[in-house]
2 protein chains.
Amino acid sequence: MTRRVYLTQRPWEELQSLFVARIRESARLGVEVIPTTEALGRITAEALRARISSPHYHASAMDGYAVRSEMTFGASESNPVVLPKAEAIPVNTGYPLPKGKDAVVMIEDVHETDEGYVIIKAVAPWENVRPVGEDIVLGEMVLPQHHRITPVDLGALLASGILRVPVFARPRVGFIPSGSEIIDITRNPDKVELAPGEIVEFNSQVITGMLHEWGCTSKVYPVVPDEPDLIKQALLEAIAENDLVIINAGSSAGSKDFTADVIEELGELLAHGAAIKPGKPVILGMVQGVGVVGLPGYPVSAIVAAEIFIKAAVGALQNWEPPSSPKIKATLTKKLVSAPGAEEFVRVRVGQVGDKVMATPIARGAGLIMSMVKADGMVRVPRLSQGYASGETVEVELFCTPEEVADTVLLAGSHDLVLDELDSFLRGYGSRTRLSIASIGSLGGILALAKGEAHLAGAHLLDPDSGEYNWPFIRRYLRNVPVKVFNLVYRMQGFIVPPGNPKNITGFEDYARADVTIVNRQRGAGTRILLDSKLAELGIDPTAVKGYDREEYTHTGVAVAVSAGVADVGLGIKAAATALGLDFIPVAEERYDLIVPCEFLETPKVQRVLQALQDPAFREFIATIPGYDPRQMGEELDDPERS
Amino acid sequence: MTRRVYLTQRPWEELQSLFVARIRESARLGVEVIPTTEALGRITAEALRARISSPHYHASAMDGYAVRSEMTFGASESNPVVLPKAEAIPVNTGYPLPKGKDAVVMIEDVHETDEGYVIIKAVAPWENVRPVGEDIVLGEMVLPQHHRITPVDLGALLASGILRVPVFARPRVGFIPSGSEIIDITRNPDKVELAPGEIVEFNSQVITGMLHEWGCTSKVYPVVPDEPDLIKQALLEAIAENDLVIINAGSSAGSKDFTADVIEELGELLAHGAAIKPGKPVILGMVQGVGVVGLPGYPVSAIVAAEIFIKAAVGALQNWEPPSSPKIKATLTKKLVSAPGAEEFVRVRVGQVGDKVMATPIARGAGLIMSMVKADGMVRVPRLSQGYASGETVEVELFCTPEEVADTVLLAGSHDLVLDELDSFLRGYGSRTRLSIASIGSLGGILALAKGEAHLAGAHLLDPDSGEYNWPFIRRYLRNVPVKVFNLVYRMQGFIVPPGNPKNITGFEDYARADVTIVNRQRGAGTRILLDSKLAELGIDPTAVKGYDREEYTHTGVAVAVSAGVADVGLGIKAAATALGLDFIPVAEERYDLIVPCEFLETPKVQRVLQALQDPAFREFIATIPGYDPRQMGEELDDPERS
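These numbers come from a predicted model, not from an experiment.

Secondary structure summary: chain A contains 17 helices and 38 strands in total. Taking 2.2 N^0.38 as the reference for a compact globule, 643 residues should give roughly 26 Å; the C-alpha atoms of chain A span a radius of gyration of 34 Å, well beyond that estimate. In terms of principal-axis extent, the alpha carbons of chain A reach across some 110 × 80 × 50 Å. Across the 643 residues of chain A, 60% fall into the buried class. Within chain A, contacts between residues at least 6 apart in sequence are counted, and of these 76% link residues at least 24 apart. Carbon and sulfur atoms make up 51% of the accessible area of chain A, which totals about 24,800 Å².

What follows is the structure in structure tokens.
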């Protein structure tokens, strides 16, 4: 197949309008008439008008006695009126008003005696009566067209005698995964051993999950290899069965990317490439009156492109706009640089400390699905902007609710897997409280407390002079922030080396060897400070250490670098080595503490965190993780200079 | 059965905590292990850890050529490096890095020649490579426990080799409708003719719809008559099959309200009555370790009580809190009086004019399901408060999103059914724009424009002196607000009378008769002004007209009053008479206009409204409604004093 189309970059707003307009012209959803009891969440295909009034008879609004109101006029506690039994008929709420009566006296205002009913409160005509049509009048419009039916609407429909409703058929969306290297592990559930080059297909599940939330049904087709004829055949099959078709991927301009050419051949290619990042290599087309979207292969690219183009398309099909995310204003905690030319969608963590809502940009790789899982929202950097300065206010489209943001405990500092476990454990308490972890190193955490940007800091900072953990740094950087310190855990640090320790690393003196390349942690990380103090002890000049400048932000990052062969050794925790099948040579046990400003100590959410640390179930679980010792977990530690 | 329990009124917060604590103690949901592909929206029962890394091999991050990076050092456009074919292996995105290679040069930086590959840009070690575990590392926690699985999470689970997930079983909730007068029309779909006293059961659908949104499954049991033994039997059957049981109603203290006594007999009655309004007669209990909630019969009471107690209970069962409504600050457009003693939940319409978000309380009857359908949100008046003054800022829990509020056109003024039709028609345009109608009379609408509280006013105000419609009032009240006026419709006003016109009403002179009682419209309504001018013409003293002080706010209210026998006649539109099977005697055709401040004229949402008025489809539809004439619909009208 000759390449005939090239990737360009046009503003997404323009492409979205074009695509939506074409879909409105071409596509018409069918209408189904379904029982009202099955209509929750469906979109009305026409305005619905009441077939009966509600109430459909004059009904008592209270438990009491139906009377002719004029017979009660003047009645009061001091001047009761006695009615003969025939003139006060007992009625419960909802009973029809008996003929000849025009009001209801409440049960507590009537006493039965032998002479009749003693009425101690007068009623006006039609008092405590619900007249016909009080709620809904025959013929009244109960719901407009193109309205998504809510639980409350179901009640109004049934009350007005509407037992069947015409609704739009759900848009049917077909998803064709393509790529010769793609493995559908859901069809091979025992295949966990994958060969290099085999890529697990999961975009279909992410995108069809989104489609489900937008009111669509979906069908995932078998994986199609990168062959133009097979793609063509799969596309035509899907077009015959659906209102919209997605092909993923083959949307770029590589030697095996045929999607755009196939669409161009079968129908009309509206666009190849949009000015969005990630998501640039998206394809929009129409084939036989059906919209076709080619989504990029990287998951975050696919999600961003789907949010922009597919959401609008299925909204147009239903003539109903799926709700958008809640938005919140937040202050950026660090600089956000973006290349002009495309609107960039940057994932952020969002946290609220006091009244201050803060957004911290996280990893930006389009291939990182975990960056979406960990993100609380997205910031858009407009096409012509170069980004934002630290401290600027930005608008965040939230993936959660503002209440969830307010219930989050922000922990800044050194990364440790016990923090992930703590977050998970907390959720067992049934509150919305969760832990959001900003991995910015131990010192970074302490500085975040000083700036009022976190509720807790996690630190394992050894002061080489005193041999003390954390306190010297607290005294220096948190002079004006009264804090309490609680131990989280003791953990083993050591050398992470390839299996079999091929370079035979046994101590920090090996860092000086010419044949050893290391990987380092970032400045301010407790592990970095540990390394620097050890090198200083041994009199090794850091500039002579190969790889000293390659910085990673997490233990896992260090282990990945060793696993990838970039480095021969890195300092880190055992769990990171184990996860990647690497060897671990213990060096030193260190203390990891949580630092809590007194200002936040009594808030319920921080109290829940401290409660978890006291919980025997949590402590017992952490004790099972190799390299961890929870012997002082949750204990408050005193400043040795003050005690 | 002897009554043993009495209705009391305790703060809801206290009762909610008590109930939730008891449910946590007693109930445990089962855990199901289900395919990840079916897990959208389910709650994780434990933390989930990656079974494989992603990528699980070192992968090319680009389409390009895999190289040994050191062989490219120094390469640039002016100083290219030529590599033999064996030293540059073509790779697409996702391909495994060939053995011995440590970087990828992007395709656009390589040119193929006969001598080999010409590299015009150097790469660093591991550049354009995704190392093992870059996204997810084996053993890493992918999701915590008690987490609701989103579409993005599905991707992360599959990418990390987690093909089956342990999730909590959905809470099973049983719903028992009770009451001898209750008719399940869904089981009698052809029964639209109801006898007086037969009440259509719809609370089951409203409440199970809410339960569905809170992650539960539900079962609606057959209607149980008001017999203690039958209620007992139904309750025990439902308890055996569910994690929570709802009985509706019989929760009050009337002679046929047995729910509380039955619960007391079978288990433990925790509460009968809560300090909420509506919703006071709610019942909470535990029977055989299963929570039981007795909901009040009035739909709004049932909904409020369910939001407070059932939502918390099913949250506790799942150890997961269903998301709460978005909140918005709004200014009250009128006074809101509330009796202290109970927290009152007041339905409001919410609209935004410019930056100003306004909330207008609407009908408060607990029996009015349409008041929930028409509401945009709810304002809470705390237990000890007597309410709020007009102009106070309140917090609204929205039933829609803030974006929907911003997209709403607020129309204040006289009620007409063409406005409901206009709202429905607008939604066919596929935007989120909708019309929110505040029925406050023609003059009220004009005054709302003067205060900046509406985008449009709808008015049919006849000036008796000049015989002109609307303009004299605009000149008087909107002196400082430049406006345009567009005709909506001409419509027939007339006398709404009982079938057969028993009092033989033929003209306004009949209003003076001693045997005629009328129903009136509120001060400021166009219809009221029409009546007053006719009475003045005839020299009839309004104080001599029986029923002149009985005011209704809509044409429908007038028709309901006539239908109920409260009045012999009322002035109104034909459609209202027809809906209630009443007779109609035409009196005068009148002009109904829309008044638009120039300030809002060019906003897209107001433009959409004007577009609909020009739409032949809309005009043709309105022409089919008896009593309406759209001959000038959408035409701009000039001020006769200026033209």
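By domain assignment, chain A separates into domain 1 (12-28 + 171-188 + 198-318), domain 2 (31-54 + 135-168), domain 3 (59-130), domain 4 (327-406) and domain 5 (434-642). Centre-to-centre, using C-alpha coordinates, domain 2 of chain A lies 60 Å away from domain 5 of chain A.

Residues and elements named next belong to chain A. With five bridges joining them, strand β22 (residues 327-332) and strand β28 (residues 393-398) adopt antiparallel strand pairing. When the sheet's bridge partners are listed, Lys327 is paired in β28 with Glu397. Inspection of the sheet shows strand β26 (residues 377-381) paired to β28 by three bridges, in the antiparallel sense. Residue Gly377 lies in a different strand from β28, and its bridge partner there is Leu398.

What follows concerns the relation of the copies chain B and chain A. It takes a turn of 180° to lay chain B on chain A, together with a shift of 0.0 Å along the axis; the resulting RMSD is 0.0 Å. Both copies are brought into coincidence by an operation consistent with a two-fold rotation axis. Within chain B, Pro326(B) has its C-alpha nearest the rotation axis, a separation of 3.9 Å. In this assembly, 100% of the residues forming the interface of chain B have copies in chain A that are likewise at the interface, indicating an isologous arrangement.

Definitions and limits used
- Per chain, the residues get numbers from 1 upward, laid out in the order the sequence is written.
- Think of it this way: whatever chain is written first is A, whatever ligand is written first is 1, and the rest follow in order.
- The model is predicted, so local features are restricted to residues of pLDDT at least 70 and side-chain atom pairs to those at 80 or more, both for listing and for counting; the totals for chains, interfaces and linings are taken over all residues.
- As a rule here, side-chain values cover all heavy atoms of the structure and leave hydrogens and water aside.
- A run of H or I in DSSP becomes a helix once it reaches four residues, and a run of E becomes a strand once it reaches two; helices and strands are each numbered from the N terminus.
- It is over C-alpha atoms that the radius of gyration is taken, and the globule rule equals 2.2 Å times the number of residues to the power 0.38.
- Throughout, exposure labels follow a simple rule: accessible area from a 1.4 Å probe, protein chains only, divided by the maximum for the residue type, with under 20% read as buried, over 50% as exposed, and the rest as partly exposed.
- Residues are treated as being in contact if the distance between any of their heavy atoms lies within 4.5 Å.
- Here, Shrake-Rupley sampling with a 1.4 Å probe gives the accessible areas, and only protein chains in the shown set may cover a residue.
- Start and end points for every domain follow an automatic or database-based domain assignment.
- Strand pairing follows a simple DSSP-based rule, namely that at least 2 bridges must link the two strands.
- In superposing the copies, a least-squares fit is computed on C-alpha atoms, taking residues whose pLDDT is at least 70 in both.

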